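# Understanding the architecture of this molecule
Single-letter residue listing:
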Amino acid sequence: MGNALYDGLFGRHAGAATPFLILPGGTILTHAAFLARAARFAHALTGLGMGPGDRLAAQVGKSADALALYAACVQAGLVFLPLNPAYTPAEVDYFVGDAGAALLLCAPDDAPALAEVAVRHGAQVQTLGTDGTGTLPDLAEGQPDGFTPVPRGMDDLAAILYTSGTTGRSKGAMMSARNLLSNAQALVGLWRFTPADVLLHALPIFHTHGLFVATNVTLLAGGAMILLPRFDVDAVLAHLPRASTMMGVPTFYTRLLDDPRLGAAATAHMRLFISGSAPLLAQTHRDWTARTGQRILERYGMTETNMITSNSYAGDRRPGTVGQPLPGVEVRLCDAQGDPVAAGAIGGIEVRGPNVFQGYWQMPDKTAQDMRPDGWFITGDLGQMSEDGYLTIVGRAKDLIISGGYNIYPVEVEEALDALPGILESAVIGLADPDLGEIAIAVVVPAPGTTPDPDGWRAALGTSLARYKQPRRIEVVDSLPRNAMGKVQKAALRARFDGAKAPAVTKPDH
Ligand code: MLC
Ligand code: AMP
């Protein structure tokens, strides 16, 4: 038995002397050199006692080595668990403990704080800097640059990606080799990626979008990526001339549109612009076409399902829609009981196929809540299907804010706020924002007899929540509006605090 993911994704171009990673400073890593680096990491990791199925949590910056670490995990049969560098040690503590990670890799500067976290959970700590330094690269020094991939099947776990929920703590979505490989294969075919492609990569690499969609598609096609450390308009425009494709969240496109340098001349050589992770306004789609002559291809996905639908490459790219189901992926619209709604009606989007994850790590009850016995996964998104199978996302049944492509679960922020002294209760709502799509606002009722202390609350949240989850504004009110069932009426709060604009996506109150 071989290693299904390694053979399918990496092995095909293992010996290729063609570029895989182009770094902003000009360094180029070929596919062969990248895999040699990964092999040295795999030797170092197995030398630390890591074996098949062990979880490796990585809170590291974006770099060629961070991707080599992912490849090393695949070679050694480890389960890769990437974490947002913005997470606080308190958040990392939960992930390491919940996943039972055997090893935590972190940035050298974070080692003192995170060593405590690792010790608490019996995990080892190693470091990996974005500049090629760290204790893992030290251990990899002098190791052989070939590694025989550990046998792993299609159903073996390859990664766990944590995703918050509308109730309780974050859940680890278990991704098998089949989940990742089948999706990459569908996308390479649909989007016509070839070895000649150069993808401009400005996304983070700890999420489905930047890690699996962008990286796996490029690996499978044998193409190259220009690996920018983060999204920055100047850097993107500077590197665009060498690229043929770009993937981004809608904020990438609105920020580029705000720059007068964006035009047909700057983009004429580009083969494909893809958007996803958050709704792309039809107006942004149209503005982009008017300025560049290019039609953005919008697709729809989710951590638990990888990519679900995509607009057409050669045919229609309909503004405001997320296109048709990927080959091999089934999509249906249902009512709460799981019965399909009438043609053309709005329903909850459910997905089935080889792309759908293996369940939530050690949470069978939560898995059963979201996955029907016959394999349909309930996304929590609401959609409408045209007669010719184009899906439009019309809202979310889940209480979720998507800000610049990052998910913020109001309940998590509300729990953090409610735990603070001086706060009786809170509600966190999403308001439309021209840059990030939505931003989070907290509406807080102070405890009786206390003086509201928004600055103190903000400072306290800084130690418990990643920056992107922290509310952009805190509004103090006497009480929260509630319906007859006692539920907070978030729609009323949005209407009150949203000024003139309606939210980009309407969310029903639960
Ligand atoms: C950064 N900040 C954010 C934020 N990103 N706050 C809310 N929402 C965000 N998305 C914080 C920063 O910490 C900073 O705090 C302040 O906001 C201003 O930051 P900025 O300089 O404007 O942000 P920037 O670094 O430019 O990042 C914005 C961004 C980035 C949109 C480029 O967030 C990004 O790359 N998003 C992509 C997310 C993504 O890949 N999602 C895919 C999920 S997978 P301070 O305090 O320092 O001022 C998925 C499935 C699928 O959804 O279908 O793909
Ligand atoms: P995540 O859990 O971070 O993977 O985020 C997945 C969610 O992002 C989905 O459930 C959708 O709500 C949203 N999403 C992804 N792509 C799109 C899109 N093209 N349009 C609208 N929403 C999207």
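Criteria and thresholds
- Residues numbered from 1 in each chain as written.
- Chains lettered and ligands numbered in written order.
- Predicted model: local features only at pLDDT ≥ 70, side-chain atom pairs only at ≥ 80, totals over all residues.
- Heavy atoms only, no water.
- Core = buried A, V, L, I, M, F, W, Y, C linked by side-chain atoms within 4.5 Å.
- Buried < 20%, exposed > 50% of the residue type's maximum accessible area, 1.4 Å probe, protein only.
- Helix = DSSP H or I, 4+ residues; strand = E, 2+ residues; numbered from the N terminus.
- Contact = heavy atoms within 4.5 Å.
- Lys, Arg positive; Asp, Glu negative; His and termini not counted.
- Salt bridge = Lys/Arg side-chain N within 4 Å of Asp/Glu carboxyl O.
- Polar contact = N/O pair within 3.5 Å; in protein donor to acceptor, adjacent residues only side chain to side chain.
- Pairing = 2+ DSSP bridges.
- Axes fitted to C-alpha atoms, helices over the stretch in contact; angles between N-to-C directions.
- Near = heavy atom within 4 Å.
- Areas by Shrake-Rupley, 256 points an atom, 1.4 Å probe, with all protein chains shown as cover.
- Nonpolar A, V, L, I, M, F, W, Y, C, P; charged D, E, K, R; others polar.
- Domains from an automatic or database assignment.
- Buried area = accessible area lost by both parts, 1.4 Å probe.
- Right-handed = clockwise from strand over helix to strand, strands pointing away.
- Parallel < 35°, antiparallel > 145°, perpendicular 65-115°, else oblique.
- Left-handed = near helix turned anticlockwise from the far one by under 90°.

### Focus on the nonpolar core
Among the nonpolar cores identified, the biggest contains 155 residues, and Phe10, Phe34, Leu45, Leu56 and Phe193 are the most heavily contacted of them. Among the elements that make up this core, the one with the highest residue count is helix H3 (residues 64-76) (eleven residues). With near-sequence residues (within four places) excluded, Leu56 lies in contact with Leu45, Met50, Leu69, Cys73, Leu78, Val79, Phe80, Leu81, Leu103 and Leu105. In this structure, Ala427, Ile429, Val477 and Leu480 belong to the second largest nonpolar core, which totals 13 residues.

### Examining the side chain of Lys62
You can see Lys62 is positioned in the loop between strand E3 (55-59) and H3. Here Lys62 is buried and forms no salt bridge, its nearest opposite-charge partner Asp232 lying at an N-O distance of 12 Å. One polar contact links Lys62 to His201, side chain to side chain, over a distance of 2.8 Å. Polar contacts involving the side chain of Lys62 include one to the main-chain carbonyl oxygen of Leu228, which spans 2.8 Å. In this structure, Lys62 is in contact with Thr130, His201, Ala202, Leu203, Ile205, Leu227, Leu228 and Pro229, ignoring residues within four places of it in sequence.

### Here's the deal with the sheet that holds strand E22 (residues 423-433)
The strand order across the open sheet formed by three strands is E22-E23-E24, and the pairing between neighbours is mixed. Both outer strands of the open sheet, E22 and strand E24 (473-476), are each paired with one neighbouring strand and no more. Along the sheet, successive strands turn relative to each other by an average axial angle of 25 degrees, direction set aside. Taken together, the four bridges between strand E23 (residues 437-446) and E24 define a ladder with parallel strand orientation. Residue pairing across strands places Ile441 opposite Arg473, the latter belonging to E24.

### Remarks on the sheet that holds strand E12 (residues 272-275)
If you walk across this open sheet you meet the nine strands as E2-E1-E10-E9-E11-E12-E13-E14-E15, and the pairing is mixed. Of all the strands in the sheet, the pair left with one neighbour each is strand E2 (28-30) and strand E15 (324-325). Looking at chain direction, strand E11 (residues 245-248) and E12 are connected through four bridges and run parallel. Note on E12: the bridge partner recorded for Met247 is Ile274. The strands that helix H7 (residues 177-191) touches are E11, E12, strand E13 (297-302) and strand E14 (306-310); relative to E14, the one it contacts most, it runs at about 30 degrees. This element, helix H8 (residues 208-221), spans strand E1 (19-22), strand E9 (198-201), strand E10 (224-227), E11, E13 and E14 of the sheet and lies at about 165 degrees to E9.

### Describing the site of ligand 1
Neighbouring residues of ligand 1: 23 residues in total, closest Arg255, Ser277, Arg299, Ser403 and Arg467. At 2.6 Å from a nitrogen atom of ligand 1 is found a main-chain nitrogen or oxygen belonging to Ser403. Between ligand 1 and the protein, one listed contact pairs a nitrogen atom with a backbone N or O atom of Gly404 at 2.9 Å. For ligand 1, whose accessible area on its own is 1000 Å², the fraction buried by protein is 75%. Of all elements in the fold, only helix H10 (250-257) and E13 reach the threshold of two or more residues within the shell around ligand 1. Looking at the shell around ligand 1, its residues break down into ten nonpolar, eight polar and five charged. Lining the shell around ligand 1 are residues from two domains, each supplying at least three of them: domain 2 (192-295) and domain 3 (401-497).

### Things to note about the site of ligand 2
In the vicinity of ligand 2 lie 16 residues, with Arg299, Thr303, Asp381, Lys398 and Asn407 positioned nearest. Note that an oxygen atom of ligand 2 is positioned 2.6 Å from one of the side-chain N or O atoms of Asp381. When ligand 2 is considered free in solution it has 500 Å² of accessible area, and contact with the protein chains removes 93% of it. No other element matches E13, which puts five residues into the shell around ligand 2. Split by residue class, the shell around ligand 2 holds seven nonpolar, four polar and five charged.

### Digging into the domain arrangement of the protein chain
Accessible area lost when the parts come together is the quantity often used to give the size of an interface. Assigned domains of the protein chain: these are domain 1 (4-20 + 28-153), domain 2 (192-295) and domain 3 (401-497). Placing a centre on the C-alpha atoms of domain 1 and another on those of domain 2 gives a separation of 27 Å. Contacts between the two partners involve 22 residues from domain 1 and, on the opposite side, 21 residues from domain 2. Interface area for domain 1 against domain 2, summed over the two sides, is near 1700 Å², with a carbon-plus-sulfur share of 71%.

### A closer look at the pairing of strand E5 (residues 103-106)
Of the two faces of E5, the one carrying Leu103 and Leu105 and the one carrying Leu104 and Cys106 are both buried. Direction of pairing for E3 relative to E5: parallel, over a ladder of four bridges. Bridged to Ala58 within E5 is Leu105. Running through helix H5 (residues 111-120), the crossover from E5 to the neighbouring parallel element strand E6 (residues 124-127) is right-handed.

### Focus: the environment of Arg152
Within the fold, Arg152 resides in the loop between helix H6 (135-140) and strand E7 (157-163). For Arg152 and Met1, which are 151 residues apart along the polypeptide, the C-alpha to C-alpha distance reads 7.3 Å. A distance of 3.4 Å separates a polar side-chain atom of Arg152 from the backbone oxygen of Gly77.

### Considering the packing of helix H4 (residues 89-99) against H5
As a packed pair, H4 and H5 sit with axes 10 Å apart at the nearest point and diverge in direction by 25 degrees. Here H4 is positioned roughly parallel relative to H5, judged by the angle of their axes. The two elements H4 and H5 cross, and the hand of that crossing is right-handed. Where H4 approaches H5, its residues Pro89, Val92, Asp93 and Val96 are matched on the opposing element by Ala113, Leu114, Val117 and Arg120. Residue composition of the contact of H4 with H5, by class: six nonpolar, no polar and two charged.

### Some remarks on the pattern of salt bridges
Applying the stated rule across the entire model yields 22 salt bridges. Across the pair Arg37 and Asp65 runs a salt bridge whose closest N-O atoms are separated by 2.7 Å. Of this pair, Arg37 sits in helix H2 (residues 31-47) while Asp65 sits in helix H3, placing them 28 residues apart in sequence. Residues Arg37 and Asp65 agree in their burial class; the two are buried. Among the salt bridges present, the one from Arg178 reaches Asp155, with a minimum N-O distance of 2.9 Å. Taken as a pair, Arg178 in helix H7 and Asp155 in the loop between H6 and E7 lie far apart in primary sequence, 23 residues in all.

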